[in-house]
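Coordinate analysis (summary)
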Amino acid sequence: MGQEQSVLDASPARQPAVEIEHFLGILSGHHIFRKIYRAKMFSATGPWRQPSNWSAELERSVLSEIRELQSEKKPNLLILGPVGAGKSSFINSIISIGKGRICSMAGTGERRDVSWTLDLERYTEGSLLRRYRLFDSMGIEPSDGHGFHTDDLTFLIKGHIKNGYRFNPAGPIDKTSPYYRHNPTFQDQMHCVTFVMSAKAIHAGIPSAYEQKIKQLQEKITREHIPRILILTKVDELCNEVAKDITKMFWSVKVKDAINTASEMFGIEQALIHPVKNYEVDFDIETQTNIPLLLALRQTMQYAADRIQKDGDDD
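Remember, predicted model here, so these are calculated numbers, not experimental data.

About the cut-offs
Residues numbered from 1 in each chain as written. Predicted model: local features only at pLDDT ≥ 70, side-chain atom pairs only at ≥ 80, totals over all residues. Heavy atoms only, no water. Core = buried A, V, L, I, M, F, W, Y, C linked by side-chain atoms within 4.5 Å. Buried < 20%, exposed > 50% of the residue type's maximum accessible area, 1.4 Å probe, protein only. Helix = DSSP H or I, 4+ residues; strand = E, 2+ residues; numbered from the N terminus. Contact = heavy atoms within 4.5 Å. Salt bridge = Lys/Arg side-chain N within 4 Å of Asp/Glu carboxyl O. Pairing = 2+ DSSP bridges. Phe/Tyr/Trp six-rings, centres within 6.5 Å; stacked < 30°, edge-to-face > 60°. Lys NZ or Arg CZ within 6 Å of the ring centre and 35° of its normal. Axes fitted to C-alpha atoms, helices over the stretch in contact; angles between N-to-C directions. Expected span 1.5 Å × (residues − 1). Polar contact = N/O pair within 3.5 Å; in protein donor to acceptor, adjacent residues only side chain to side chain.

**Some remarks on the nonpolar core**
Core analysis: the largest hydrophobic core is formed by 81 residues, its most contacted members being L128, F148, F195, M197, L230, L232 and F266. With nine residues, the single largest contributor to this core is helix α10 (residues 287-314). L128 has contacts with L63, I66, R67, I94, I97, G98, L294, L297 and M301, leaving out every residue within four places of it along the chain.

**Notes on the pattern of salt bridges**
Here the structure, examined in full by the defined rule, presents 11 salt bridges. In this structure, E65 and R298 form a salt bridge, with 3.1 Å as the shortest nitrogen-oxygen distance. Of the two residues, E65 is situated in helix α2 (residues 56-68) and R298 in helix α10; the sequence distance between them amounts to 233 residues. The class for E65 is partly exposed, based on a relative accessible area of 32%. Between D136 and K87 there is a salt bridge, and its shortest N-O distance comes to 2.9 Å.

**Focus: the pairing of strand β4 (residues 192-198)**
Within β4, seven of the seven residues are buried, which leaves it mostly tucked inside the rest of the structure. The side-chain alternation of β4 yields two buried faces, one formed by C192, T194, V196 and S198 and the other by V193, F195 and M197. Strand direction decides the pairing type here: strand β1 (residues 76-80) and β4, joined by four bridges, are parallel. Residue L78 lies in a different strand from β4, and its bridge partner there is V193. Looking at chain direction, β4 and strand β5 (residues 228-233) are connected through six bridges and run parallel. From the neighbouring strand, V196 faces β5, where its bridge partner is I231.

**A short note on unusual backbone geometry**
In the Ramachandran plot, H225 falls in the positive-phi region, its phi being about 60 degrees despite a non-glycine side chain. Inspection of the secondary structure assignment puts H225 in the loop between α6 (208-223) and β5. One non-glycine residue, K234, adopts positive backbone phi at about 60 degrees. Here K234 shows up in the loop between β5 and α7 (235-238). Since its relative accessible area comes to 6%, K234 is described here as buried.

**Details of the packing of aromatic side chains**
The tally for this structure, following the rule as stated, stands at seven aromatic pairs. Aromatic side chains W54 and F250 sit 5.4 Å apart centroid to centroid with 65 degrees between the ring planes, which places their arrangement in the edge-to-face category. Note that W54 is positioned in the loop between α1 (17-41) and α2 and F250 in the loop between α8 (240-244) and α9 (253-266), a separation of 196 residues in sequence. Grouping residues by exposure puts W54 and F250 together as buried. Through a chain of ring-to-ring contacts, three or more aromatic side chains come together here, namely F148, Y165, F167 and Y179. Lying over the aromatic face of W251, K248 brings its terminal NZ or CZ to 5.9 Å of the ring centre.

**Points about the side chain of N290**
Tracing the backbone shows N290 in helix α10. Judged by relative accessible area, which is 2%, N290 ranks as buried. Beyond its immediate sequence surroundings of up to four residues, N290 is in contact with E59, I97, Y279 and I285.

**Thoughts on the sheet that holds β5**
The strand order across the open sheet formed by six strands is β2-β3-β1-β4-β5-β6, and the pairing between neighbours is mixed. Unpaired on one side and paired on the other, β2 (121-123) and β6 (273-275) mark the two borders of the sheet. Within this sheet the neighbouring strands show an average axis-to-axis angle of 25 degrees, counted without direction. Where β2 lies against strand β3 (residues 133-136), three bridges are found, and the strand directions are antiparallel. Residue pairing across strands places Y123 opposite L134, the latter belonging to β3. In this fold α9 packs onto β4, β5 and β6, with an angle of close to 145 degrees to the strand it touches most, β5.

**So, α6**
Its 16 residues place the ends of α6 22 Å apart at the C-alpha level, agreeing with the 22 Å of an ideal helix rising 1.5 Å per residue. Immediately beyond the C-terminal end of α6, within one or two residues, lies H225, with a positive phi of roughly 60 degrees.

**Let's talk about the side chain of S263**
By secondary structure assignment, the location of S263 is in helix α9. Taking relative accessible area as the criterion, S263 reaches 16% and is therefore assigned buried. A polar contact of 2.6 Å, which involves the side chain of S263, links it to the backbone oxygen of I268. Aside from chain neighbours lying at most four places away, what touches S263 is I268, E269, Q270 and I273.

Now the structure itself:
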């Protein structure tokens, strides 16, 4: 080989000192960059929301509060959201926590461009949802004639639509349908609406057509004086550090920014917006993933119970 030498064969001892210093400088700079990058990912002032300590004791405390939330009437909790946002996965996650194991009662699919849920589907569970009922609905799509029809929302809220109704993207329920309830009682109405959105989609910016439909739905909910809760799913896909450690969620600048954006878009207080990670590819449930899901469920159930109590007081 003569004077030629492979770069792979060269040892640091044979390299000029200046090259070694340059190499070490690159490593040091990379380390500094990583530290700065992580600092920008996380809040410098600490967690922007409590709790900061996600312990098994906290999980037991929230579970206990939820199980003590009982109502003489069974509150109905309506779940709305765009196709692929994770609303059915949210329902499965709640039921999984109640059962103490992963389960898949609400149908989910791999395709993110069409709704997997076609009918109005009611879900109950004997531990967390003993007196409460979750209702899954067809996914919202940006174009007219596809997905959940916005005019169906008023019928749903007022209790006119029966469980099992097959949604029609072309138009709202017809009053001649066997699934149309002509004289709904307060028990048939929806007492809280939980809107599910992808935090990743919020951060990237949703199409204007989606935003227009969302505003239409929000106006209908507000007009009927129904409490609203917003769930931001897929926070682990939004922030790599949160994907590594879900307990860093309330430190993440990206998650906080997504909440700010969603608050402006929906016209809803940040205290009513809950970032969560659904159980989608997991084999077991765990405390750290459970806690934000339970916090969201607790507030939804509390607001539904408040709605029922207010109606009783008005009587």
